[in-house]
Amino acid sequence: MRFTVPTVILMMAAVLLTGCSIPAQGPDQAERDSWSRVIEFAIRALPGVVDASHWFDYEGKSRTYASRLFVRLEDGATPDEAASVVRAMGAQQLPPRYQGDQTEVNIDRMTDSYSAYWRFGRDVSREANSAHTWARLWAPGTQVGWRSRGIDVDKMSNAIGVAAGSEAEPHRATAAMRRIIQDFPELASNHWTVSTVPVENGLNNHSRLEPGWLNTDPPIPHGRPRFPSNGELEMWEWFLTDQPTPFFVEISVYEPPGKAGRTLDVAIHPPVGKQLTAAQATQLAERHLPYLAQPGAVVDYTIETRNGPAFAVFIGGCQPSWRDVLPESKAYASQYERC
């Protein structure tokens, strides 16, 4: 069972590409390998499929099996062909003991990726429809990542990311996002992220516009899913255009407004392996703060220097007492903060 193309799980891809086998775990390994070969044969026979790899993970403590399928589609594969992969996996007639356990499907086409997971034995029409729609969202120069989250149908949600492919071309992502908003209004009730490169959780090595929270203690959960507004897209693109020093920016938007009534978190991060000095932070703030301080704005603005306290100004609100801030940022409190 080898998968010879890149996948969204880099570690597993590295294992497979080097020819190493997945360690045998738990009982019935030979039977599970046999079923994996059956599934791979069935998926590879589908129109539009280049390659497929399947295996079972065994969780000894709970005595459950997790099924994982990775599929590479032809660049020109159609939405119907993407959906057929999900339907074919959902239709597999596995032994009864697998019913209720988890299966995961990951599909790559060009630079786009789709993933979903569900319990064996239930209807997968919703996931198949999502895969069909995902395959329709492609735009030149961008990467669309669609994750259907939730094993049970009544708890499902979709997280969809539109990436420009490079930090230097944010306009590709904003243009693709505007096209999606215009052509697919039915997709508004999903969690949308716009980024320069695909999002990696926990890493501040790219710029993105996303729902939820950033500078909060304790965290605030995501609000009502929606499309980013045109003003938010313009703001994100502005932060990545004609700036005095390189940085990554994360803009987090609220719906409804978050803690202390704020509507935005804006976090500035230095390039990987670099630091921002207090002088550079002040230079960026001099450019950013007047832009953000629109009438009625409540924005938590921070600059991470990677070398001590952050530069932080709470526009239209009051700085949290627990936050340790650079002395240089305190000079802007009287101008922008409202305590």
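All values derive from a computational prediction rather than experimental measurement. (Residues numbered from 1 in each chain as written. Predicted model: local features only at pLDDT ≥ 70, side-chain atom pairs only at ≥ 80, totals over all residues. Heavy atoms only, no water.)

1. Quick notes on the nonpolar core
For clarity, the threshold we go by: Side-chain atoms within 4.5 Å are what join buried Ala, Val, Leu, Ile, Met, Phe, Trp, Tyr and Cys residues into a set we call a nonpolar core. Whether a residue is buried, partly exposed or exposed follows from its accessible area with a 1.4 Å probe, protein chains only, as a fraction of its type maximum: under 20%, in between, or over 50%, in that order. Going along the chain from the N terminus, every DSSP run of H or I of four or more residues is numbered as a helix, and every run of E of two or more is numbered as a strand.
Ile-43, Val-85, Ile-251, Ile-268 and Tyr-301 are the most contacted members of the largest nonpolar core, which totals 76 residues. In terms of residue count, the dominant contributor to this core is helix α3 (residues 79–90) (six residues).

2. Remarks on the sheet that holds strand β4 (residues 112–119)
What counts is decided by this rule: Being paired, for any two strands, means DSSP has found at least two bridges between them. Lines are fitted to the C-alpha atoms to define the axes, a helix being fitted only along its stretch in contact, and any angle between axes, read from their N-to-C directions, falls within 0 to 180 degrees. Throughout, a contact is declared for two residues whenever any of their heavy atoms are within 4.5 Å.
Taken in spatial order, the 12 strands line up as β1-β2-β3-β4-β5-β6-β7-β8-β9-β10-β11-β12 in an open sheet, and their pairing is mixed. In this open sheet, the two strands that pair with only one neighbour each are β1 (49–59) and β12 (311–315). Between one strand axis and the next, the sheet turns through 10 degrees on average, direction left out of account. Examined bridge by bridge, strand β7 (residues 191–195) and strand β8 (residues 208–211) share two bridges and lie antiparallel to one another. Bridge pairing links Ser-195 to Arg-208 in β8. Against the sheet, helix α4 (residues 125–134) touches β2 (64–73), β3 (102–109), β4, β5 (143–149) and β6 (157–163), its axis set at about 175 degrees to β4. Packed onto the sheet, helix α7 (residues 278–292) meets β10 (264–269), β11 (299–303) and β12 and runs at close to 165 degrees relative to β11.

3. Topic: the confidence of the model for the protein
Going by this rule: Predictor confidence is given residue by residue as pLDDT, running from a minimum of 0 to a maximum of 100.
Residues at a pLDDT of 70 or more form 86% of the protein, whose mean pLDDT is 84. Per-element mean pLDDT across the protein ranges from 36 in helix α1 (residues 10–17) up to 97 in α3.

4. A look at the state of the cysteines
Heads up, the rule is: Our working definition of a disulfide is a cysteine sulfur pair at a distance within 2.5 Å.
A full pass over the atoms with the stated rule returns one disulfide. Here Cys-318 engages in a disulfide with Cys-339; their sulfurs sit 2.3 Å apart. The disulfide joining Cys-318 to Cys-339 has a torsion of about 100 degrees about its S-S bond and is therefore right-handed. One end of the pair, Cys-318, is in the loop between β12 and α8 (327–330); the other, Cys-339, is in the segment after α9 (333–336), with 21 residues separating them in the sequence. Note on Cys-339: relative accessible area 74%, which makes it exposed.

5. Focus: the pairing of β2
Counting buried residues along β2, eight of its 10 residues qualify, which places the element largely inside the surrounding structure. Note that β1 and β2 share 10 bridges and pair antiparallel. Each residue of the ladder has a partner; that of Glu-59, found in β2, is Thr-64. As paired elements, β2 and β3 share seven bridges and run parallel to each other.

6. Comments concerning the pattern of salt bridges
Keep this limit in mind: Between Lys or Arg on one side and Asp or Glu on the other, a salt bridge is scored when a side-chain nitrogen of the former is within 4 Å of a carboxyl oxygen of the latter.
This model, assessed by the stated rule, comprises 13 salt bridges. In this structure, the salt-bridge partner of Glu-210 is Arg-208, at a minimum N-O distance of 3.4 Å. Overall, the relative accessible area of 13% leaves Glu-210 in the buried class. Between Asp-265 and Arg-262 there is a salt bridge, and its shortest N-O distance comes to 2.6 Å. Note on Asp-265: relative accessible area 0%, which makes it buried. Several salt bridges converge on common partners, so that one network encompasses Glu-40, Arg-44 and Asp-51.

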